[in-house]
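# Remarks on the overall topology
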Amino acid sequence: MIEGIKEIGEFSLAKNSSSILEALVQDIPLEKNKTQYLVTINFDLENKKISLDKEEIRKSTFLDYLWIGNPKAGNSPQDRLTTNNLAFLCSQTIPNLIERLDEGELKNILSLIKNIFFYDLGKQIGQQNRYRYVLNIEKFGLSNKSIEQVKKEALDKNKNSYAKEVVKIVTKEIFFYLKEKEGISKREIALFTIKCNDKLLVSLPEYHTYIANSVIEEKFEGSTKGICHLCNKEAVITYDTTQFRFTYYNTDKIGFSSGLRGKSNDGFLKNLGLCKNCYKSLLAGETFIKNHLSTSLIKSLLIIPQLIFSSSYISEILEEWAENVKSHFNAVRNLENWKMWQALKNQLTEYEEIKNTFVIHLLFYEASKSEFKILKLIPDVPPSRIEILLVTANKVWDKAQQILGGKDSEWYLGLDDMYYLFPVRKSKNEFVDYKKVLEFYDALFTDKPVAYDFLIKQFVELAAIYRHGAVCNYNIGGRNCQEERWNEQKRDMALVKAILNANLLLLYLKELTQLDGGLSMDEKIFVEIIQKLQRDKESVPETEKKESIEKQLHRYKRLQRFIEEMAYSSLQIGLFLLGFLIGEIGKAQYDPHNKTKPILKKINYQGMDKGKILRLVNEVLEKLDQYKILSRNEVIYAEMKKLLDKNWQRWNISNEEAVFFVLSGYAYATYQAILKGEIKSEETNDVNKEEENE
């Protein structure tokens, strides 16, 4: 993976040969359909005034204002004049730069700004001293609060972190000022920068030199010669990775150093030593990948290409190539992205020519201000594997439309849709049980077998949550879940869609030959009754009776086709038909006002052995008779009973599997009732997407 990042960085530097800083310029993900702003704090030295000006973020903004991110290490001095954190500019950035800059124009300007516009809280203890100087909002009309009021409020709130609390209050007051005077909220502001007498300070050559030194040159001060671990060349090397976005090796714990020698004795140089060229390439590669190859799938995800064969002209089409790599990958996520890829790929002759010359590494991660945590790395995925997944998804989609019906947009099974078939627990609004889904994705991309029993347990647990559980405690409820919105009908419709999708996922894995376990056989059902109905249809002259026979034929043939496509075993078919009859009873019990189906209480969602299945079979017969729908369903009941009796002595499925196939039959019957208008279709909203869009 690290070689791929370095390679991308080399291409990026070749394209931006004029300056390493250009290659380090970062994008900021902007909110869709919302204007985002950059706010400039303009210090007028002559009139001793401060003005706050806003401008809309443009594509060129990040380069124009040299946004390369804040220093990575948690305790690093904040020294960037363009930042996404207003508090830095209100306090520590200017004093830090004054201390670190050589004599020159920039240092003189910043010293004047500090002396005129900042308030000295006095020397502070320890880390609090970084907040010693704070923008004087009272003196320059940015707040109605006096500095004494701010200091008292800070002491009352947090005596131990008094100076830091002062900065928080000052920052809050400036945001309030921007809201009142400029009409922009905190969420609308992406970046802040500084001008002095209308002159943009990040444009000064001294600032460029300083940033380049602090990011690169300082990391090599006092370093020794050695062999670079990436290019294998002898050069001055460093193990200091504090500027990197990603964590390649632990360099802050002595236990990870060679010979337990620690930093002082160059113990980490044997673990990861980098020459200056490779160091620059990694910095540039990280930035490019974050800007152009970042997406999300459960968690934040980076798509890291690595060439198998060298291709020097990639640097000429780097951004276009990266966009194509990302679009190709995103096509396996959902239908919308697949359609976008279909519209794009016919134009990509160059991409088609080189897609066999590289692989991609999929890096799932969590990032905070001070930590980059790798959750899962799926290495060496060839683009051809993505194509196989796309072809399979479309094959299953076509079959689903034929055997289930419904809208063309339904039943496309992308990775996003698969995620909602695995119950992932939520704790404090964070999903904490997602590793099983990442392992599943790993299997898909690397062609590993997926355990059938594991999937069945996930699907039955999912059904139990929809039926009885707290939906909002899981991913299926979405991030902004409200339990009161999940009435019984909504739960039922979500269960139906999920169980049918679960069947399609099993079919998808069978098509990929990745399903490890489970029974499968090609058994025909309703053969004799279909033949008889076809003969009756031909011999009956009455139109009315013919229509009745036609409806029965259609019903049995559709059921037969669904079961054949799913390749159920004879026992699975019997359980499926039992579930189908439960769906028929549920339809008869369905009350549009209270929207309940008492028959569903007869299913034990924890699992059912064959004794419980037998009791359910008898109860189903009673309910079919009670609701006067036995005559319509006696053929299906008879077929179900025959198949269960046939397998009674060699019952070879688990209790969870039995429940899954009963629910599969119920879901199929209920969905067909929706299509016929026997249950209102507007009540079948795709809940997961609804929650995502909020």
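The text that follows walks through the structure, step by step, so that each part is easy to find. Here the structure is a predicted model, which means the values were calculated and not measured.

## Let's talk about the sheet that holds strand β12 (residues 358-367)
Strands sit in the order β10-β11-β12-β13 across an open sheet of four strands; the sheet is antiparallel. Both outer strands of the open sheet, β10 (294-297) and β13 (372-381), are each paired with one neighbouring strand and no more. Averaged over all pairs of adjacent strands, the angle between strand axes in this sheet comes to 30°, irrespective of strand direction. Pairing between β12 and β13: seven bridges, direction antiparallel.

## Regarding the sheet that holds strand β9 (residues 274-275)
The three strands lie next to each other as β7-β8-β9, forming an open sheet whose pairing is antiparallel. Two strands bound the open sheet, and with one partner strand each, they are β7 (225-227) and β9. Pairing geometry for strand β8 (residues 234-238) and β9, over two bridges, is antiparallel. Bridge assignment links Thr238 to a residue of β9, and that residue is Leu274.

## Points about the side chain of Ser143
Note on placement: Ser143 falls in the loop between β4 (133-135) and α7 (147-157). The buried category is assigned to Ser143, whose relative accessible area is 12%. Within the local environment of Ser143, its side chain forms a polar contact with the backbone nitrogen of Lys145, the two atoms lying 3.0 Å apart. A distance of 2.7 Å separates a polar atom in the side chain of Ser143 from a polar atom in the side chain of Glu173. Setting aside anything within four residues of it in sequence, one finds Ser143 in contact with Ile137, Glu138 and Glu173.

## Concerning the pattern of salt bridges
Taken as a whole and judged by the stated rule, the model has 36 salt bridges. When the shortest N-O distance is used, the salt bridge between Lys276 and Glu217 registers 2.7 Å. Taken together, the positions of Lys276 in helix α10 (residues 276-292) and Glu217 in the loop between α9 (205-215) and β7 put the pair 59 residues apart, joining distant regions of the chain. Judged by relative accessible area, which is 30%, Lys276 ranks as partly exposed. Taken together, the shared-partner salt bridges in this structure form one network comprising Asp79, Arg80, Arg100 and Glu218.

## Focus on the pairing of β8
Where β7 meets β8, three bridges bridge the pair, whose relative direction is antiparallel. Paired with Ile227 across the strands is Glu234, a residue of β8. Taking the residues between adjacent antiparallel strands as the criterion, β7 and β8 are bridged by six residues, where Asn232 takes a positive phi near 60°.

## Here we look at the packing of aromatic side chains
Summed over the entire model, instances satisfying the criterion amount to 29 aromatic pairs. A ring pair is formed by Phe562 and Phe576, whose centres lie 5.4 Å apart and whose planes are at 20°; its orientation type is stacked. Of this pair, Phe562 sits in helix α20 (residues 543-566) while Phe576 sits in helix α21 (residues 570-589), and the two are 14 residues apart along the sequence. Both residues of the pair, Phe562 and Phe576, count as buried. Ring geometry for Tyr568 against Phe661: centres 5.1 Å apart, planes inclined by 85°, an arrangement best described as edge-to-face. Of this pair, Tyr568 sits in the loop between α20 and α21 while Phe661 sits in helix α24 (residues 655-675), and the two are 93 residues apart along the sequence. By relative accessible area, Tyr568 is classed as buried at 3%. The class of Phe661 is buried, set by a relative accessible area of 2%. Members of the aromatic cluster, each reached through a chain of ring pairs, are Phe459, Phe562, Tyr568, Phe576, Phe580, Phe660, Phe661 and Tyr668. Here the guanidinium or amino end of Lys490 rests over the ring plane of Trp486, the centre of that ring lying 5.2 Å away. One residue, Lys497, lies across the ring of Trp411, its end atom 5.1 Å from the ring centre.

Calculation rules
Residues numbered from 1 in each chain as written. Predicted model: local features only at pLDDT ≥ 70, side-chain atom pairs only at ≥ 80, totals over all residues. Heavy atoms only, no water. Pairing = 2+ DSSP bridges. Helix = DSSP H or I, 4+ residues; strand = E, 2+ residues; numbered from the N terminus. Axes fitted to C-alpha atoms, helices over the stretch in contact; angles between N-to-C directions. Buried < 20%, exposed > 50% of the residue type's maximum accessible area, 1.4 Å probe, protein only. Polar contact = N/O pair within 3.5 Å; in protein donor to acceptor, adjacent residues only side chain to side chain. Contact = heavy atoms within 4.5 Å. Salt bridge = Lys/Arg side-chain N within 4 Å of Asp/Glu carboxyl O. Phe/Tyr/Trp six-rings, centres within 6.5 Å; stacked < 30°, edge-to-face > 60°. Lys NZ or Arg CZ within 6 Å of the ring centre and 35° of its normal.

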